[in-house]
Amino acid sequence: MDLNPVFPVSRFLPYMPDIGKCERSLHELSLMWRMIEASAKMNCPAEARTILPTVAATRAGVSQLEEELVASLAREKMNTVLAEMATKSEYIIEIVVRNLYERTADVGFLATDRELCSFVAGLSNDADAIRARLRSYRSKYSVYDEIILLAPDGKVLVQLDGTTPITHSQDPLIAETLASDGYVETFRASDLRPGKREALIYSRRMSHPVTGAAVGILCLCFHFEEEMARIFQTYRDRSERSAMLLLDADCRVIASADPLWIPLGVKVPANPQGSPTLMKYAGRDYLVRTASSPGYQGYPGPSGWQGQVMIPVDVAFGSVDSDVLASLAPDWAEGLLSHAGSFCPPLFEIIQAADMIRRVVWNGQVMSAGQEGDMARLQSVLEQISETGARSNALFSRSIGELFETVLASGLRDAEFSSHLMVDLLDRNLYERANDCRWWALSPELRRLLAGTLPDREARMEEVLAYIHGLYTVYSSLIVYDRDGAIVARSGSCTETAIDAVTLEAVTALRTEQDYYVTPFAPSPLYDGKPTYVYHAAIRAPGDDQAVIGGIGIVFDAAAEFDAMLRGALGDQPKVHAYFMDRAGNIIATTDAARPVLGQLSIAPHLSAMENGRSGSCLLTHDGHYALMGCTVSNGYREFKVSDGRPVDVLAVVVESFGAVRAGTPENAAPARRLQGPLGRVQGTEFATFFVAGALFAMPAGDVQEAQPASKLSSVSMGGGGACIGVLTREERNDDDAAFVWAYDLGFLLTGQATPIDSGAQIIVVRHNSRTVGLLVSELHDVAKFNEEDLIALPLASGGCMLVSHVISANQGDVLIQRIDIARLFDLLGNGRDMQALYAA
């Protein structure tokens, strides 16, 4: 989330010690830059006049950073914590609502069961048979801990839970249910569930099979405590810093992940707006995020219910051990960091500030190169600049590393968490599908009609299927077929006349009512040729459970339902894609238009090899982009895919892309970037060093005037040949300096490959004889001294004009620096030679 600009930074800084330390360091740097500026003005105003504007700008920039950067860092920390809290609070209520939607459909269908209605109407009196039928139902829909049949006067006709026997109820839901044409949802204490603090009951009026008169009530009692414990256990905070809660409309706790911390029944503060506000509970300050449900399939959920996460502010911003950066190749990490502006603006601000400080120091060292006499008085100021610049760089490097680590670690956690939710939603949803097909296959009406020869049996079966389909809207079609596989009744869009032989053989071989068959995820003629799962169960002859007379097939609307699961878990994140896939990489569902269903997705091998129920994440290159990947392997839900003999693994994958991989960075560039201390000697000729496409280059510092950020470059459509990229206007210059210079891409001149103009790119202004040009480089490095013995001459290519005349051996040969020959460079630019001719030579 984006915090309001009035976010009270000072209120939260005491709880962010790392940012407080950064703030103090920035304040010290600001004072030091003020002292350098004052010293230069007093001791050498003439000599320092060319760098004073830059020093002043640096001092002002550090002062501004002292306030703005700290605020940005604090906002980023707050954003990270609140975003994680928001995700968890949304998931709590989302999972609950999706689960309870299925319960509203269950009670609607079971209340019309002919055998149950006949018993309640007094047309049969075999209570044991009815109890056995209800046990059969609960063995499939194991989310219920009690099922009760009531007479209109509240008399208990049958109940399943023998541990809490009841004979009569006076619960007001009886009158409410009898007066309602739909289901009634009740959550409170009830005499139907003695011994429970609160019960979640779904009730529906039952009608006489002949007259249609109200003859009783069906009550499905949801095992609320067990289900909430399952949710909390799955999504709990492993560090035990946060409390996960389910609240009612009055913000009263109805489920708590830790009742000893926040007990049931207490009223807690809520924060549905998600504002960064401290809220008190039991004398302690908390950050709070509250989420309500947008509903599912038209079902809004219990009125006013909300998911909530609370974290005490004193532990909310504690550091989490992470070594993400240490696991990355340095050049890969630097390439990713170059995209910081798109995925973490505060990080980008720090990088820009560090580049500015580095450029000031580099320019100051270039100015003093080779100067004697009066310019030597500037040396003490430059030494202060260099020392303070080094401290600034160290602070910024540390801040960059810490914030980069935080951002990446948070992103990896979020990706894992989102993938976990996705696969959990899938398992929970398909659990219901396996239950539905098995129970509907036991429908006395469907069994009787399929076994019979009534002339209107097709119409009657389709009436039953249409009623079911109206309650359960996650299917595209429902079909009933006979022993030969011929489809005899349908509801929905299916136009096929028979099922395939493989499916028919599998269904007729099902041994018990607990068994089912699901087709592999593949294109199905029952789903207009689109890929889906079709769940089947055998329909058995009335009175003979061993004789299979056909089956029922329920066609899952995979395209719509899987897409809703993926997009619902992602939210509004344009650079993030999500997938369901199998272990072979075949895509089951996707939000990525470039990768269709049944296409292939390659993921990190260690992720695809994870055990069931495990989650993992990593940083990797994906489709030519720096990316983050999170993955969770399905683990089933309750008995589904756990003990039902069908452990089909599905992987949920989340991929967030940060930007295109930066090309042309040699692997040997990284050691040079990691060098500590100066490259050169105490005495010798001074060389300005810089990077081009990851390689380290040098040119005599005496030929260099200054460096400016490449962002100041103005593109033009005319000028010096194929390598000319625009014009640099020089705002601060001596009287004899050019007001503007043509700029050339040094990388293009050297290799024929364009240099990316990113946040670190610089334009080095070089003067030779009477001509001045700008050269685009990737990054500034240092100004160092080298002797003649450090230079190794390179042979001139026959007929050519190579720009690198020598290689400089630095740090006892550990680093090789390519020396640019200024005369050859200007000769090339002056002659306007075509680049192809240069390389052909």
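Since the structure is predicted, the reported quantities are computational estimates derived from the model, not experimental observations. (Residues numbered from 1 in each chain as written. Predicted model: local features only at pLDDT ≥ 70, side-chain atom pairs only at ≥ 80, totals over all residues. Heavy atoms only, no water.)

**A closer look at the nonpolar core**
And then number 1: Core analysis: the largest hydrophobic core is formed by 175 residues, its most contacted members being Trp440, Phe562 and Phe580.
And then number 2: Listed in part, the 32 residues of the second largest apolar core include Ala688, Phe690, Leu780 and Leu829. (Core = buried A, V, L, I, M, F, W, Y, C linked by side-chain atoms within 4.5 Å. Buried < 20%, exposed > 50% of the residue type's maximum accessible area, 1.4 Å probe, protein only.)

**Thoughts on helix H5 (residues 127-140)**
And then number 1: End to end, H5 covers 20 Å across 14 residues, agreeing with the expected 20 Å (1.5 Å per residue, within 8%).
And then number 2: Within the span of H5, buried status applies to Ile130, Arg133, Leu134, Ser136, Tyr137 and Lys140. Axial view of H5: buried residues confined to an arc of 150 degrees, hence all on one face. (Helix = DSSP H or I, 4+ residues; strand = E, 2+ residues; numbered from the N terminus. Expected span 1.5 Å × (residues − 1). Arc of directions from axis to C-beta.)

**Observations concerning the sheet that holds strand S11 (residues 475-482)**
The strands making up a sheet associate through hydrogen bonds between their backbones, and the pairing can be parallel or antiparallel.
And then number 1: Spatial ordering of the open sheet is given by S12-S11-S17-S16-S13, a layout of 5 strands whose pairing is antiparallel. Strand pairing shows two members of the sheet lacking a second neighbour, strand S12 (487-492) and strand S13 (517-518), which therefore form its edges.
And then number 2: The pairing of S11 with S12 spans 5 bridges and is antiparallel. Across the sheet, Ser477 pairs through a bridge with Gly492, a residue of S12.
And then number 3: Most of the contacts of helix H13 (residues 444-451) go to strand S17 (residues 544-556), to which it runs at about 110 degrees, and overall it touches S11, S12, strand S16 (534-541) and S17. (Pairing = 2+ DSSP bridges. Contact = heavy atoms within 4.5 Å. Axes fitted to C-alpha atoms, helices over the stretch in contact; angles between N-to-C directions.)

**Thoughts on the pattern of salt bridges**
And then number 1: Tallying each qualifying case throughout the model produces 38 salt bridges.
And then number 2: Each of the salt bridges in this network shares a partner with another, and the network as a whole consists of Asp145, Glu146, Asp161, Arg193, Lys196 and Glu225. (Salt bridge = Lys/Arg side-chain N within 4 Å of Asp/Glu carboxyl O.)

**As for the environment of Gly694**
And then number 1: Inspection of the secondary structure puts Gly694 in the loop between strand S23 (685-692) and strand S24 (695-700).
And then number 2: Placed 401 residues apart in sequence, Gly694 and Ser293 show a C-alpha to C-alpha distance of 50 Å.

**Brief notes about the side chain of Asp145**
And then number 1: Relative to the assigned elements, Asp145 resides in strand S1 (residues 144-150).
And then number 2: Within the structure, Asp145 has its side chain in polar contact with the side chain of Lys196 (distance 3.4 Å).
And then number 3: When residues no more than four places from it in sequence are discounted, the contact partners of Asp145 are Arg138, Asp161, Arg193, Lys196, Cys221, Phe222 and His223. (Polar contact = N/O pair within 3.5 Å; in protein donor to acceptor, adjacent residues only side chain to side chain.)

**As for the packing of H13 against helix H14 (residues 457-471)**
And then number 1: In the contact formed by H13 and H14, the axes pass within 9 Å of each other and the chain directions differ by 160 degrees. Accordingly, the angle class assigned to the pair H13 and H14 is roughly antiparallel. Considering how the two elements wind past one another, H13 and H14 form a crossing that is left-handed. Here Glu445, Leu446, Arg448, Leu449 and Leu450 of H13 come into contact with H14, specifically with Arg457, Arg460, Met461, Val464 and Leu465. (Parallel < 35°, antiparallel > 145°, perpendicular 65-115°, else oblique. Left-handed = near helix turned anticlockwise from the far one by under 90°.)

**Some points on the confidence of the model for the protein chain**
And then number 1: For the protein chain, the mean per-residue pLDDT works out to 87, and 91% of the residues sit at or above 70.
And then number 2: This model gives residues 665-677 a pLDDT under 50, and the stretch forms 22 contacts once residues within four places in sequence are excluded.
And then number 3: For residues 832-841, every residue scores under 50 in pLDDT, and the model assigns this stretch 18 contacts once sequence neighbours within four places are set aside. (pLDDT = per-residue confidence, 0-100.)

**Re unusual backbone geometry**
And then number 1: Non-glycine residue Ala282 carries a positive phi angle of around 55 degrees.
And then number 2: Residue placement: Ala282 occurs in the loop between strand S8 (278-281) and strand S9 (284-292).
And then number 3: Residue Ala282 is classed as exposed on the basis of its relative accessible area of 72%.
And then number 4: A positive phi angle is found at Gln297, which is not glycine, with a value near 55 degrees.

**Comments concerning the packing of aromatic side chains**
And then number 1: The final tally for this structure, using the stated rule, is 27 aromatic pairs.
And then number 2: When the centroid spacing of 4.8 Å and the interplanar angle of 70 degrees are considered together, the rings of Trp440 and Tyr472 count as edge-to-face. Of the two residues, Trp440 is situated in helix H12 (residues 379-440) and Tyr472 in the loop between H14 and S11; the sequence distance between them amounts to 32 residues.
And then number 3: Take Tyr472: its relative accessible area is 1%, and that puts it in the buried class.
And then number 4: Grouped by ring-pair contacts, the aromatic residues Phe521, Tyr533, Phe556, Phe562 and Phe580 constitute a single cluster.
And then number 5: Just above the ring of Tyr527 sits the side chain of Lys530; from NZ or CZ to the centre is 4.3 Å. (Phe/Tyr/Trp six-rings, centres within 6.5 Å; stacked < 30°, edge-to-face > 60°. Lys NZ or Arg CZ within 6 Å of the ring centre and 35° of its normal.)

**Brief notes about H13**
Structurally, the α-helix is built with 3.6 residues per turn, so residues lying three or four positions apart point the same way.
And then number 1: For H13, a buried count of 6 out of 8 residues is recorded, marking the element as mostly surrounded by other parts of the structure.
And then number 2: Those residues of H13 that fall on the buried side of the exposure criterion are Pro444, Glu445, Leu446, Arg447, Leu449 and Leu450.

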